[in-house]
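Structure assessment
Now for the letters of each chain:
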Amino acid sequence: MELIIVDTTIQPTSADAIRAAFTPFFEQAQKWELQAKSIVVTDRSQKAEMQMARTARLALREVRINAEKTRKELKEESLRYGQAVQSVYQQSTVLRMLL
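Residues numbered from 1 in each chain as written. Predicted model: local features only at pLDDT ≥ 70, side-chain atom pairs only at ≥ 80, totals over all residues. Heavy atoms only, no water.

Here we take up the side chain of Thr-70. Here Thr-70 shows up in helix α3 (residues 47-98). Accessibility expressed as a relative area gives 15% for Thr-70, which makes it buried. (Helix = DSSP H or I, 4+ residues; strand = E, 2+ residues; numbered from the N terminus. Buried < 20%, exposed > 50% of the residue type's maximum accessible area, 1.4 Å probe, protein only.)

Attention now goes to helix α2 (residues 12-37). Along an α-helix, a turn takes 3.6 residues, which lines up residues three or four apart on a common side. Taking 1.5 Å as the rise per residue, α2 with 26 residues should run 38 Å; its terminal C-alpha atoms sit 36 Å apart, in good agreement. Roughly 35° is the biggest bend found in α2, and it falls at Phe-22, with proline Pro-24 one to four residues downstream. Of all the positions in α2, only Ala-15, Ala-21, Phe-22, Phe-25 and Trp-32 are classed as buried. (Expected span 1.5 Å × (residues − 1). Bend = angle between axes of the 7 residues up to and from the residue.)

Even without being glycine, Thr-9 reaches a positive phi, approximately 55°. By the secondary structure assignment, Thr-9 is in the loop between α1 (2-8) and α2. Its relative accessible area of 68% is what places Thr-9 among the exposed residues.

Summarising the element assignment, Gln-46 is placed in the loop between α2 and α3. Looking at Gln-46, the relative accessible area reads 18%, which means it is buried.

Below is the structure:
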């Protein structure tokens with residue numbers, strides 16, 4: 001995550017907002033990944049291990065869904081900002097044409 005943020009050369013405040021928003025998801029995913037990798041099912045009779053694997057899959061799914069919701073929220077603000085910049089620019093262009 002850090003390399004991606006640095007490579008984009010965005011403003012430090014924006015980078016901090018992205019870190020704050022997504023770091024918890026990375027931490028949760030790593031926790032569940034470690035737990036999931038420790039589960040080994042070799043036989044259909046291992047009901048407890050299969051249940052633990054299911055729980056881990058569902059938890060990772062929840063992390064992914066919540067990260068996607070956060071991404072959409074953050075991106076929506078960025079899109080509105082871009083639209084505002086474009087609208088102001090277009091208005092200034094029209095004003096220059098009228099002068």
